[in-house]
Amino acid sequence: MSQNGIGEQSAPLNENTTQRQFMRHRLVRKVQENTHFLAMTSMVCGLLGFPHYLLDVDNNIWLAQLLTYLTFILVSYNLLLENGRNNLAMLTMSLVTISLFVVQLSPYAADFNDTATILRAAGQNGLHATSSSWEFIAGGVLACLIAVSYLFQRHQYVAASQGVLCIAVMIPLIPLLGLLCGIANPYGVMSPLTTLSGMLCAFGLLARHASHPPMSYLLLMDDTGKQIRSSILLLSICAILLARAGVMFGDNMRGLPLVVLVSLIAIIYTLSVTYYHQGQVSEKILPATDMDFASQVETALDSQQFFMMYQPQVDFNTGKLKGVEALVRWRHPDKGIISPEKFIRVAELTGLIVPLGKWIMRTACLQAAQWNDHPVLGKIEVSVNVSPLQLKSGTLVEDILHILQETGLAPERLVVELTESSFVQDDGENARLMHQLKEAGIKLAIDDFGTGYSCLSYLRDIPGDYLKVDRSFVLELPGHNKAEAVIQAIVSLGKSLDYRIIAEGVETQAQADFLKAIGCDIVQGFLYARPLEAEALPQWVSAAQADPKV
């Protein structure tokens, strides 16, 4: 396999672990995709509760409500803009603003205003607004925390932002905790719209960076993730029951719900951080950057940002084009061309390699079928790398046969390449699949031979056609005695088992001469051609026929 192929240098993956990673990735991605809904709803609630009706400009409660809602509105608006929802943000702002303007012209404007409702409640309780404004300070604290967490996110302090948001989303729960502990209204009451707008804004900020540690590990779908969530639930219930017992025995203090709140935050954060460090050490979980990158890979697959290139393979004996290897590339809208070394590993770890590999197979076969009328390209083979996870999918053979029928490509023109890791600890199922492909007329190649586990029994058991010498050996030629000995042994072994030998990564004429001398059949590398797009391949063929290198 070329250095840019699929399945390169990846250790065998546990199927269940990979599936859980994929499930977690999809869950995180769905949460991130709904960020704009949370932000939009928060902005609507904030605009509806905004104190547009001038009751008393000197009133502390009115001013606090003004600043609180303004914070929610601005943060939610920026969330919409940062998620590419410019039109939605402008439409929401415009519609609600017009509605509020119409309401303000009504003589019943105060009835629709959240601040007016609070002031009336304060008046009915015989409290002066200024002296009782501390009763409504929770909304202002919530707004401050959300503003601080948003600034942290903008400056890439995501973990600190999550810690602040954990406190923010708990603030509206303080009255509920007070009720559960037997304390009525321990810290005053926030208005309903303040609570709803603030909670939605906080959850929107959390959702935007849902893939970042340590809190992202609460979304893990494996047994440890479930254990963490169960532990948090159990400890939370115990903390509330202990607080309730304290109140029943006369320890009726206003700080009790706050103590419970801090305890719950400490429990959640400690368990999450502990699991994060365990996962980082054992490499059982994907880092946050990889999870973000996985979301981009899936988006790229959905929006057709991937494209194919083809590297020629030349027959050493005849000097003619024997085939091409299909290589995938990613044309990122912002970062330009991204090579497979940067996204194949993440696709393997998340399970995205299965739909991506199917797309590669279909695209390569369709392109090869379109060359049918070309005098040279219409006769060559196209090699496509298949990941071990595709073998585990259970539908590989059916998918390939369906693609061949759909595209009209002759089976004998398709070469399926598999790495050695595909046959490690195989119970015979992969070998059975290879026999099915072979019976259908498809050719098989063992990729990266010599770099993996090199269990020779599978060379005997599978009906392979080609054996590919890894480029890591070729790069040391000529002059490196051990590399020369290894390659000579591989060629001798392959020939005795009726394999044709492909040497990849050939960059110098000296390497080509040595490989040809020891009996390699096919060569592939930059000495002959770099990977080419489909449109450029016919021109290369014409130039190669006029001035062959071999």
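As the structure is a computational prediction, the values presented were derived from the model and not from experiment.

Section: the nonpolar core
- Grouped together as the largest cluster of nonpolar side chains are 82 residues, with contacts concentrated most on Tyr 310, Phe 343, Val 382, Leu 414, Val 416 and Leu 515.
- Tallying contributions element by element places helix α14 (residues 353-370) first for this core, with eight residues.
- Discounting chain neighbours no more than four positions away, the residues touching Leu 515 are Phe 316, Val 474, Leu 477, Ile 487, Ala 503, Val 506 and Cys 520.
- In terms of nonpolar packing, the next biggest core, distinct from the first, is built from 25 residues, Ala 138, Tyr 150, Met 199 and Cys 201 among them.

Comments concerning helix α22 (residues 537-546)
- Residues of α22 that are buried include every one of Leu 537, Trp 540 and Val 541, and no others. Mapping the buried residues of α22 onto a view down its axis gives an arc of 100°, with all of them on the same face. In α22, the exposed residues that point more than 90 degrees away from the buried face are Gln 539 and Ala 546.
- Residues of α22 that are buried in the fold lie against β1 (306-315) and β2 (321-332).

Describing the packing of aromatic side chains
- Overall, the coordinates contain seven aromatic pairs when judged by the stated rule.
- Centre to centre, the rings of Phe 152 and Tyr 157 are 6.3 Å apart; their planes meet at 85°, and the pair counts as edge-to-face.
- For Phe 152, a relative accessible area of 29% gives the class partly exposed.
- On the accessibility criterion, Tyr 157 (51% relative accessible area) is exposed.
- Each ring, one from Phe 306 and one from Trp 359, has its centre 6.3 Å from the other, and the planes form 50°; the classification is tilted. Separated by 53 residues along the polypeptide, Phe 306 in strand β1 and Trp 359 in helix α14 bring together distant segments of the chain.
- Put simply, the rings of Phe 306, Trp 330, Phe 343 and Trp 359 pair up and form one aromatic cluster.
- Residue placement shows Arg 331 over the ring face of Phe 307; its charged tip is 4.1 Å from the ring centre.
- A cation sits over an aromatic face here: Arg 530 above Phe 526, 4.1 Å from the ring centre.

Structural notes on the confidence of the model for the protein chain
- Within the protein chain, residue pLDDT values average 76, and 65% of them lie at 70 or more.
- Of all secondary-structure elements in the protein chain, the lowest mean pLDDT belongs to helix α5 (residues 114-124), at 52, while strand β4 (residues 381-385) reaches the highest, 96.
- For residues 1-20, every residue scores under 50 in pLDDT, and the model assigns this stretch 57 contacts once sequence neighbours within four places are set aside.
- Considering only residues more than four positions removed or in separate chains, one finds that residues 124-132, a stretch of pLDDT under 50, has seven contacts.

A look at the pairing of strand β7 (residues 466-469)
- Across the two faces of β7 the burial is the same, with Tyr 466 and Lys 468 and Leu 467 and Val 469 all buried.
- Here strand β6 (residues 443-449) pairs with β7 via three bridges, running parallel. Residue pairing in the sheet places Phe 449 in a bridge with Val 469 of β7.
- Bridge analysis of β7 against strand β8 (residues 500-504) gives four bridges, and the strand direction is parallel. Bridging from a neighbouring strand, Val 469 pairs with Ala 503 of β8.

Digging into the pairing of β2
- Most of β2 sits out of view: ten of its twelve residues are buried.
- Pairing of β1 with β2 involves nine bridges; the strand directions are antiparallel. Residue pairing in the sheet places Val 314 in a bridge with Leu 321 of β2.
- In sequence, β1 turns back onto β2 through a hairpin of five residues, with Gly 319 there showing a positive phi of about 75°.
- Examined bridge by bridge, β2 and strand β3 (residues 336-338) share three bridges and lie antiparallel to one another. From the neighbouring strand, Arg 331 faces β3, where its bridge partner is Ile 337.
- Linking β2 back to β3 in an antiparallel pair, the connection comprises three residues.

Concerning the pattern of salt bridges
- One pass over the structure, following the stated rule, counts eleven salt bridges.
- Of the charged contacts, one joins Arg 500 and Asp 315 as a salt bridge, the two residues approaching to 3.4 Å between their closest N and O atoms. In this pair, Arg 500 is assigned in strand β8 and Asp 315 in strand β1, connecting sequence segments 185 residues apart.
- Accessibility expressed as a relative area gives 26% for Arg 500, which makes it partly exposed.
- Owing to a relative accessible area of 10%, Asp 315 belongs among the buried residues under this scheme.
- Here Lys 495 makes a salt bridge to Asp 521, at a shortest N to O gap of 2.7 Å. Taken together, the positions of Lys 495 in helix α20 (residues 481-496) and Asp 521 in the loop between α21 (509-518) and β9 (522-524) put the pair 26 residues apart, joining distant regions of the chain.

What about the packing of helix α6 (residues 137-154) against helix α9 (residues 192-208)?
- Interaxial distance between α6 and α9 falls to 10 Å at its minimum, and their mutual angle equals 15°. Considering the angle they form, α6 stands roughly parallel to α9. Handedness of the crossing formed by α6 with α9: left-handed. Contacts between α6 and α9 involve Gly 139, Leu 142, Ile 146, Ser 149, Tyr 150 and Gln 153 from the first element and Thr 194, Gly 198, Cys 201, Ala 202, Leu 205, Leu 206 and Arg 208 from the second.
- Here the residues of the contact of α6 with α9 are counted per class, giving seven nonpolar, five polar and one charged.

A short note on a nonpolar patch on the surface
- Together, Leu 63, Leu 67, Leu 70 and Leu 74 make up an exposed nonpolar region whose accessible area comes to about 340 Å².
- Among the structural elements, Leu 70 can be located in helix α3 (residues 60-82).

What to know about the environment of Lys 468
- Along the chain, Lys 468 falls in strand β7.
- Taking C-alpha positions, Lys 468 is 9.6 Å from Gly 494, a pair spaced 26 residues apart along the chain.
- A polar contact is formed between the side chain of Lys 468 and the side chain of Glu 325, at a distance of 3.4 Å.

So, how was this worked out
- Here the residue numbers are simple positions, counted from 1 along each chain's written sequence.
- The model is predicted, so local features are restricted to residues of pLDDT at least 70 and side-chain atom pairs to those at 80 or more, both for listing and for counting; the totals for chains, interfaces and linings are taken over all residues.
- Processing note: side-chain calculations cover all non-hydrogen atoms of the structure and skip hydrogens and water entirely.
- Nine residue types can take part in a nonpolar core, namely buried Ala, Val, Leu, Ile, Met, Phe, Trp, Tyr and Cys, and a core is a set of them joined through side-chain atoms within 4.5 Å.
- Any residue under 20% of the maximum accessible area for its type is buried, any over 50% is exposed, and the rest in between are partly exposed; the area is computed with a 1.4 Å probe on protein chains only.
- What counts as a helix is a DSSP run of H or I of at least four residues, what counts as a strand is a run of E of at least two, and both are numbered from the N terminus.
- Here, two residues are considered to be in contact whenever any of their heavy atoms come within 4.5 Å of each other.
- In this context, the arc is that of the directions from the helix axis out to the C-beta atoms.
- To pair, rings of Phe, Tyr and Trp, with the six-membered ring standing in for Trp, must have centres within 6.5 Å; the planes then decide the type, stacked if under 30 degrees apart, edge-to-face if over 60, and tilted in the middle.
- The criterion for a charge sitting over a ring is simple: Lys NZ or Arg CZ within 6 Å of the ring centre, and within 35 degrees of the ring normal.
- Confidence per residue, as judged by the predictor, is encoded in pLDDT with a range of 0 to 100.
- DSSP bridges decide pairing: two strands pair if at least two such bridges lie between them.
- Each reported salt bridge corresponds to a side-chain nitrogen of Lys or Arg within 4 Å of a carboxyl oxygen of Asp or Glu.
- To define axes, lines are fitted to C-alpha atoms, for helices over the stretch in contact only, and angles between the resulting N-to-C directions are given on a 0 to 180 degree scale.
- For classification, angles of less than 35 degrees are called roughly parallel, those exceeding 145 degrees roughly antiparallel, those between 65 and 115 degrees roughly perpendicular, and all remaining angles oblique.
- Two helices crossing with the near one rotated counterclockwise from the far one by less than a right angle form a left-handed crossing, whereas a clockwise rotation gives a right-handed crossing.
- Any residue that is not Ala, Val, Leu, Ile, Met, Phe, Trp, Tyr, Cys, Pro, Asp, Glu, Lys or Arg is counted as polar, Gly included; the first ten are nonpolar and the last four charged.
- To count toward a patch, a residue needs a relative accessible area over 30% and no salt bridge; like charges are then connected within 9 Å, while nonpolar side chains (Val, Leu, Ile, Met, Phe, Trp, Tyr) are connected within 5 Å.
- In short, Shrake-Rupley with a 1.4 Å probe defines the accessible areas, and a residue's cover is counted only from the protein chains shown.
- Under the rule applied, a polar contact is a pair of N or O atoms within 3.5 Å (in protein, one hydrogen donor and one hydrogen acceptor; residues adjacent in sequence only if both atoms are side-chain atoms).

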